[in-house]
Amino acid sequence: MNLTPTRRQFIKTAALTGTAATVFPSILTGAKPADTKVRLGFIGVGLRGRSHVEQAMYRDDVVIPAICDVDPNSIALTNEIFKKKGKPLPEAYSKGDEAFLQMLKRDDLDGVIIATPWEWHVPMAVATMKAGKYAGVEVSATVKLKESWDLVDTSEKTGVPCMILENVCYRRDVLAILNMVRQGMFGEMTYAHCGYQHDLREVKFNNGKQAYGGGVEFGAKGYSEAHWRTQHSVDRNGDIYPTHGLGPVAHWLNINRGNRFTHLTSTATKSRGLHKYVVDKGGANHPNAKVNFKLGDVVTTVVECANGENIVIIHDTNSPRPYSLGFRAQGTQGIWMDDNDMIYLEGVSPKAHTWEPFAAYQEKYDHPLWKRHAQTAENAGHGGIDFFVMRAFIESVKTKTPPPIDVYDAAVWSAISPLSEESIAGGSKPVEIPDFTRGKWKTNKPIFGLNDQF
Ligand SMILES: NC(=O)c1ccc[n+]([C@@H]2O[C@H](COP(=O)([O-])OP(=O)(O)OC[C@H]3O[C@@H](n4cnc5c(N)ncnc54)[C@H](O)[C@@H]3O)[C@@H](O)[C@H]2O)c1
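Being a predicted model, the structure only gives us computed values, none of them experimental.

1. A word on the overall build of the chain
Now for step 1: Helix and strand content of the chain: 16 helices and 15 strands.
Now for step 2: Against the globule reference of 22 Å for 454 residues, the chain gives a C-alpha radius of gyration of 22 Å, in line with a compact fold.
Now for step 3: Here the chain holds 454 residues, and the buried ones make up 59% of them.
Now for step 4: For the chain, restricting intrachain contacts to residue pairs at least 6 apart in sequence, the fraction spanning at least 24 positions comes to 73%.
Now for step 5: About 18,600 Å² of surface is accessible on the chain, with carbon and sulfur atoms providing 52% of the total.
Now for step 6: Side chains of the chain give 52 positive and 50 negative charges; the mean places of these two sets differ by 2 Å.

Set out below in structure tokens:
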């Protein structure tokens, strides 16, 4: 694969200034193995992991020698995908919660995709990096603050990259906005709004047989995410899934690369939606009607940035509502909003104080990545973004270069969860957000979405 001059320059500059070179000394050779295969392993082949497997299989330069999952059903369903495609079955590791450690001993894996329950992400990503394999970890990358440091420390010590697989960074509209932000169309950025506003009641509860509703069970009796995700709504009150909104916004605002998050405050409403759902669907006598869900129905977090911008992040998953990540980009020159897809730019929009549709801007500022790959991406999950995020991971592994979304992004985007919990527990008190780059944010330059390569 050819690296563009900008990306080659980044790697060269990083090597000279000691940023990437010090941080990732061993694995990032930037070698150009044009015809080599990328060998991927997968830990967690549930709903998400299997969709990654399928995505990886579209490429003829990817081989998958091994998969790992504790659930024999997940392994069997994954094997079906291989059979359908006429590919040799991967070796399966499934004996116990730590079977992944056996898989990581293999010497025929270059990278590992981790799509397990959140609490497993860090032990698995840390072990993957220690085994010298690129780690691609699903969102959110971490649950606890210390885990964010564990990711950063391990990546720095081993020299192995870790990419958070935040697919929303590749949404077509947010990439067009990134283009516009970089071209100064919004003037100086002052504010962004985002969130995860998704009615997950049918994800958090099911009948234990299939995903997406059909019952009010969770935990041991639940299937897929109801098996593990719902417990987080019992135990935690905070923004427990911040990265779908925050990832794109972090790129607009150059977080970790000229800017950083400094503080946050979070506030939660009362918790009503999940209890009501159980009672409505399962009756007041269902045992789960006695469960005390800690997670507020709507959690609002305000993040302050070093350069003076504010970001509002909403977590809203317990109530009936249409899906929206609620993006808004605002600066001294104008504003765009995801809901209704409207824009207003002073001196550009035809009528003062009046919204205009975003469509023409989308076309004009469409990101080079989408211009180049729209047709290939079309069939991939979540409107094409799953294609881009897997492609970015695979190309980084293949070219032995830093991933465009890195361990510092994984650490700080995910850290919003425990920090928002801390803020809410302290009566919406302000909480400091650590600088996981240890000062490098001041000199690091943006690398994400600079061209049509990654
Ligand atoms: N980026 C996105 O758009 C997106 C979409 C869906 C899910 N996700 C993320 O993907 C991850 C997985 O979600 P999912 O929907 O596939 O959940 P899932 O429950 O369907 O799959 C998780 C799989 O991990 C396996 N597992 C659990 N513990 C394990 C262990 N110790 N070793 C090996 N395997 C283990 C389970 O058996 C299961 O097959 C989560 O982090 C979730 O947030 C991201």
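Having seen the model, we can carry on.
2. A word on the site of the ligand
Now for step 1: The full set close to the ligand counts 26 residues, and Arg48, Asp69, Val139, Ser224 and Glu225 are the nearest of them.
Now for step 2: One of the side-chain N or O atoms of serine 224 is found 2.6 Å from an oxygen atom in the ligand.
Now for step 3: Considered on its own, the ligand offers 840 Å² of accessible surface; in the complex 91% of this is hidden by protein.
Now for step 4: By residue number, the principal contributor to the shell around the ligand is helix 6 (residues 118–130), which donates four residues.

3. What about the sheet that holds strand 5 (residues 134–137)?
Note on sheets: strands pair through backbone hydrogen bonds, and any given pair is parallel or antiparallel.
Now for step 1: What the six strands build is an open sheet, ordered 3-2-1-4-5-6; its pairing is parallel. Only two strands of the sheet have a single neighbouring strand rather than two, namely strand 3 (91–93) and strand 6 (162–164). If you compare each strand with its neighbour and ignore which way they point, the axes differ by 25° on average.
Now for step 2: Of the strand pairs in this sheet, strand 1 (residues 38–43) and strand 4 (residues 111–114) are connected by four bridges, and their pairing is parallel. In the sheet register, leucine 40 faces strand 4, and the bridge partner there is glycine 111.

Definitions and limits used
- Residues numbered from 1 in each chain as written.
- Predicted model: local features only at pLDDT ≥ 70, side-chain atom pairs only at ≥ 80, totals over all residues.
- Heavy atoms only, no water.
- Helix = DSSP H or I, 4+ residues; strand = E, 2+ residues; numbered from the N terminus.
- Rg over C-alpha atoms; globule rule 2.2 N^0.38 Å.
- Buried < 20%, exposed > 50% of the residue type's maximum accessible area, 1.4 Å probe, protein only.
- Contact = heavy atoms within 4.5 Å.
- Areas by Shrake-Rupley, 256 points an atom, 1.4 Å probe, with all protein chains shown as cover.
- Lys, Arg positive; Asp, Glu negative; His and termini not counted.
- Charge placed at Lys NZ, Arg CZ, Asp CG, Glu CD.
- Near = heavy atom within 4 Å.
- Polar contact = N/O pair within 3.5 Å; in protein donor to acceptor, adjacent residues only side chain to side chain.
- Pairing = 2+ DSSP bridges.
- Axes fitted to C-alpha atoms, helices over the stretch in contact; angles between N-to-C directions.

Without other data, these values stay purely geometric and don't point to any function.
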